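# A look at the structure
Residue strings, one per chain:
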Amino acid sequence: FDRVSKDLRTFFSEVRKPSLLNSGELSDSLVFESNGSALSKLIIPMFKAQDRHKLLIVTKSANVGKVLRSNSQERVVVSFSINAEKVARKWEKKAPAPLARLKAARKLAEAGYKIRIRLDPIVPIEGWEKEYKAIIDAIFRNVKPERITLGSLRGLQSTINFSEDKSWTEYLDDKSNWGKKISSDKRYELYRTLIDYLKETHKFGQVSLCKETVGMWKKVGLD
């Protein structure tokens, strides 16, 4: 915390352009909410004490009570990583169920927080189209996110090496700078199907991609 707080103070004093800082790239943002190292206790107050930059909380947690009580709606955006229920049951066993995450998202939205959704990592299991359309419907029954980010399954070699359950790696075909990925054609099918469903069924177009090539962005028609 000493290192992070020092860097944040420097950032706040030197960077004039309003920025959104991601706290959930290397670890779940809310993993320490139940102890003295809580983000809501140590980091959120630093953002509330200035009026230029915002904090992006990325999480699979449903433990949002302290974030709610921080009353940081003007300085904090919360992005929930969600997956199809069948995928979550198989590979996200220690995380709250997707519907529990969406219930937490709804609580925050009702309190005035801006909510984003990460549908990531999409896994092309058998029946994936039905599964992911169902979770998209569940998203919109609970919240109207300001953005949905789509990402497909990928794995750094280090992640693969340390995984006890390697069953998910059967879907990885291509190599890239981000490790192994689903084949380009299949990724396009996943994205195109879900982008079209979002537009046609939910009239929603604020969609972006995670860790994708410029070519894929162009191919699916996103800027």
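Preceding this paragraph is the structure being described.
What you see is a predicted model, and the numbers here were worked out from it, not measured in a lab.

Taken as a whole and judged by the stated rule, the model has 12 salt bridges. Residue Lys181 is joined to Glu212 by a salt bridge in which the shortest nitrogen-to-oxygen separation is 3.8 Å. Of the two residues, Lys181 is situated in strand 8 (residues 179-181) and Glu212 in the loop between strand 9 (207-209) and helix 10 (214-219); the sequence distance between them amounts to 31 residues. Exposure remark for Glu212: the relative accessible area of 7% places this residue in the buried category. Counted as one network, the salt bridges with shared partners bring together Asp174, Lys181, Arg187 and Glu212.

On to the pairing of strand 4 (residues 114-122), then. Note: strand 3 (residues 76-82) against strand 4, 6 bridges, orientation parallel. Residue Val78 lies in a different strand from strand 4, and its bridge partner there is Ile115. Pairing between strand 4 and strand 5 (residues 147-152): 5 bridges, direction parallel. Looking across to strand 5, one finds that Ile122 is bridged to Ser152.

This part covers the packing of aromatic side chains. A complete count under the given rule lists 4 aromatic pairs for this structure. For the ring pair Phe140 and Phe204, a centre distance of 5.4 Å and an interplane angle of 70° mean the geometry is edge-to-face. Here Phe140 is found in helix 7 (residues 128-142), whereas its partner Phe204 is found in the loop between helix 9 (184-202) and strand 9, with 64 residues between them in sequence. Pairwise contacts between aromatic rings join Phe11, Phe12 and Phe47 into one cluster. Over the face of the ring belonging to Tyr188 we find Lys219, whose NZ or CZ atom lies 4.7 Å from the ring centre.

What the largest pocket holds in volume is close to 1,400 Å³. Around the largest pocket, the lining is made up of 38 residues, and of these Lys60, Glu92, Asp120, Pro121 and Arg154 lie nearest the centre. Of all the elements in the fold, those that place two or more residues in the lining of the largest pocket are strand 2 (54-59), strand 3, helix 5 (85-91), strand 4, strand 5 and strand 6 (154-155). Looking at the lining of the largest pocket, the element that brings in the most residues is strand 4, giving 5 residues.

Turning our attention to the sheet that holds strand 6. Ordered by their spatial adjacency, 3 strands build an open sheet running 6-8-7, and the pairing between neighbours is antiparallel. Looking at strand neighbours, the two that pair on one side only are strand 6 and strand 7 (174-176), the edges of this open sheet. Sheet topology note: the strand 6/strand 8 ladder contains 2 bridges and is antiparallel. In the sheet register, Gly155 faces strand 8, and the bridge partner there is Lys180.

Rules used throughout
- Residues numbered from 1 in each chain as written.
- Predicted model: local features only at pLDDT ≥ 70, side-chain atom pairs only at ≥ 80, totals over all residues.
- Heavy atoms only, no water.
- Salt bridge = Lys/Arg side-chain N within 4 Å of Asp/Glu carboxyl O.
- Helix = DSSP H or I, 4+ residues; strand = E, 2+ residues; numbered from the N terminus.
- Buried < 20%, exposed > 50% of the residue type's maximum accessible area, 1.4 Å probe, protein only.
- Pairing = 2+ DSSP bridges.
- Phe/Tyr/Trp six-rings, centres within 6.5 Å; stacked < 30°, edge-to-face > 60°.
- Lys NZ or Arg CZ within 6 Å of the ring centre and 35° of its normal.
- 1 Å grid on protein atoms, 1.4 Å probe; cavity = no way out; pocket = protein on both sides within 12 Å on 5 of 7 lines; lining within 4 Å.
- Points joined across faces, edges and corners; volume = space filled by probe spheres on them.

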